[in-house]
Structure formats: structure tokens, C-alpha cells
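Residue-level structure breakdown
Here's the letter readout for the chains.
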Amino acid sequence: MQEVAADAALASYVPMVVLQRMAELGGGLQEARVDTLHGALMFADISGFTRLTERLAARGPAGIELLVRRLNAYFGSLIEVIVAHGGDVLKFAGDALVVHFTEPGEMADDAASRREAVLRAAACGLAVQQAVAAERDAEEGLVL
């Protein structure tokens, strides 16, 4: 029972592709491994974040707390759209993230699968832009 709870907690922090590999192997990874993934990648970076960070950091701890809440809410919106389009967040890098798109449960390496992955990544990018177009920091007036 404790292992199930640990897996559920891990799922929030580990890409789905890693969780799938762990399940296929029947548990945790005991050594490094290399896998080839087929599909498409999307890189999303929050424009305007550096200016917002500078302004809020000048406010001290209260500004940093506001920044953290703002960033968490913003990433939450992005992740909802990404998951809805079948994306798997591989990495967060500051104010950016890298997302992988492939057919669920498959690692196909054919033109039709690649085309589908690219189309879903492009559709997701457009949907992300639409979903966050109205996102503004009310106090700072910066569009992210």
C-alpha cells in the first residue's frame, strides 16, 4: 500500500513517459537507461517574466510570494491545456517548459504518427496562446 502512495506522489513530479517505463519494468529504476522517444517537442517560455520578477523582487518577501503564486497559477493554466492535448511535460526550466507529444501508450516510428504528434503540438501551442492571452498581472500591468 505504501508503494502505491509513493507512486501517486511521484506522478506529480515525474514525466508520464518515465512512470510508464517504471510500470513496464515492474518498479523503480535500478540503473540508468536510454530510451528513444518518437514524436514532437514543444518549448514554451513565458515572455515578460523577467520584468515581472524584477519588479516583484524589489518588494522583498511579499513580492516573491506574489511571484510564486502568479507563476504557479500561470503554469497551472498551461498544464491544463497541455494535458488536454495529450502532452507530457518533460522539464521545467525557470519560466519555460519542454513538452513531448506522442501517441498515448505507443512509441511508433512512422510518418503518420510523427505527423499526428506535430499537429497536436502545434494545436496545443495555439491553444496555450489563446488560453493565456488575457493573463495579466493586475498590479504590474505586464502581459505574460
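Residues numbered from 1 in each chain as written. Predicted model: local features only at pLDDT ≥ 70, side-chain atom pairs only at ≥ 80, totals over all residues. Heavy atoms only, no water.

**Re the pairing of strand β2 (residues 87-93)**
Quick reminder of the rule: Strands pair, by our definition, only if DSSP identifies at least two bridges between them. Helix numbering and strand numbering both begin at the N terminus, where a helix is a DSSP run of H or I of at least 4 residues and a strand a DSSP run of E of at least 2.
Strand direction decides the pairing type here: β2 and strand β3 (residues 96-101), joined by six bridges, are antiparallel. Its bridge partner lying in β3, Val89 is registered against Val99. Counted along the chain from β2 to the antiparallel partner β3, the turn is two residues long, and its residue Gly94 has a positive phi close to 65 degrees.

**As for the pattern of salt bridges**
Quick reminder of the rule: Salt bridge, as used here: a side-chain nitrogen of Lys or Arg that lies within 4 Å of a carboxyl oxygen of Asp or Glu. A 1.4 Å probe rolled over the protein chains alone gives each residue an accessible area, and that area as a share of the maximum for its type sets the label: buried under 20%, exposed over 50%, partly exposed in between.
If you walk through the whole model with that rule in mind, you get five salt bridges. The salt bridge partner of Glu24 is Arg21, with a shortest N-O separation of 3.3 Å. Pair noted here: Glu24 and Arg21 are both in helix α2 (residues 16-24), with a separation of three residues, about one helical turn. Look at Glu24 and you get exposed, because its relative accessible area is 57%. Between Arg21 and Asp35 there is a salt bridge; the shortest N-O distance is 2.9 Å. One end of the pair, Arg21, is in helix α2; the other, Asp35, is in the loop between α2 and β1 (40-45), with 14 residues separating them in the sequence. A residue is classified by how much of its surface remains accessible, and Arg21, at 14% relative accessible area, is buried.

**Focus: the confidence of the model for the chain**
Let me state the cut-off plainly: Every residue gets a pLDDT, meaning the predictor's confidence in that residue, from 0 to 100.
Summarising the model, the chain shows a mean pLDDT of 80, and 81% of its residues fall at 70 or more. Considering each helix and strand of the chain separately, the mean pLDDT is smallest for helix α1 (residues 2-11), with a value of 58, and largest for β3, with 93.

**Notes on α2**
Looking only at α2, the buried set comprises Val17, Leu19, Arg21 and Met22. Two residues or fewer past α2, Gly26 is found with a positive phi of approximately 80 degrees.

**Some thoughts on the layout of surface pockets**
Rules: Buriedness for pockets is judged along seven lines, at least five of which must meet protein on both sides within 12 Å for an open set on the 1 Å grid over protein atoms alone, while cavities are sets there where a 1.4 Å probe fits but cannot get out, and lining residues have an atom within 4 Å of a point. Grid points are joined across faces, edges and corners, and a volume is the space filled by probe spheres set on the points. Think of it as three bins: nonpolar holds Ala, Val, Leu, Ile, Met, Phe, Trp, Tyr, Cys and Pro, charged holds Asp, Glu, Lys and Arg, and polar takes everything else, Gly as well.
Quantified by volume, the second largest pocket comes out at close to 210 Å³. Lining the second largest pocket we find 14 residues, and of these Asp45, Tyr74, Val128, Gln129 and Val132 sit closest to its centre. Residue composition of the lining of the second largest pocket, grouped by class: 10 nonpolar, three polar and one charged.

**Considerations on the nonpolar core**
For clarity, the threshold we go by: Throughout this description, the term nonpolar core refers to a set of buried Ala, Val, Leu, Ile, Met, Phe, Trp, Tyr and Cys residues connected via side-chain atoms within 4.5 Å.
Within the largest apolar cluster, 25 residues are counted, with the highest numbers of intra-cluster contacts made by Leu78, Ile82, Leu97, Val99, Phe101, Cys124 and Val128. A per-element tally of this core places helix α4 (residues 61-84) first, with eight residues.

**Topic: the sheet that holds β1**
Quick reminder of the rule: Lines fitted to the C-alpha atoms define the axes, with helices restricted to the stretch that makes contact. Angles between their N-to-C directions range from 0 to 180 degrees. By definition, residues are in contact when any of their heavy atoms lie within 4.5 Å.
Taken together, the three strands give an open sheet; going across it, the order is β1-β3-β2, and neighbouring strands pair in antiparallel fashion. Each edge of the sheet is formed by a strand with only one pairing partner; in this case those strands are β1 and β2. Between one strand and the next, the sheet's axes are offset by a mean angle of 20 degrees, whatever the strand orientation. Running over the sheet, α4 touches β1, β2 and β3 and is turned about 150 degrees from β2.

**Remarks on the packing of α4 against helix α5 (residues 111-132)**
Just so we agree on the cut-off: By definition, turning the near helix anticlockwise from the far helix through less than a right angle yields a left-handed crossing, and turning it clockwise yields a right-handed one.
In the contact formed by α4 and α5, the axes pass within 9 Å of each other and the chain directions differ by 145 degrees. Crossing of α4 over α5 shows right-handed handedness. Contacts between α4 and α5 pair Tyr74, Ser77, Leu78, Val81 and Ile82 from the former with Cys124, Ala127, Val128, Ala131 and Val132 from the latter. The residue makeup of the contact of α4 with α5, split by class, is nine nonpolar, one polar and no charged.

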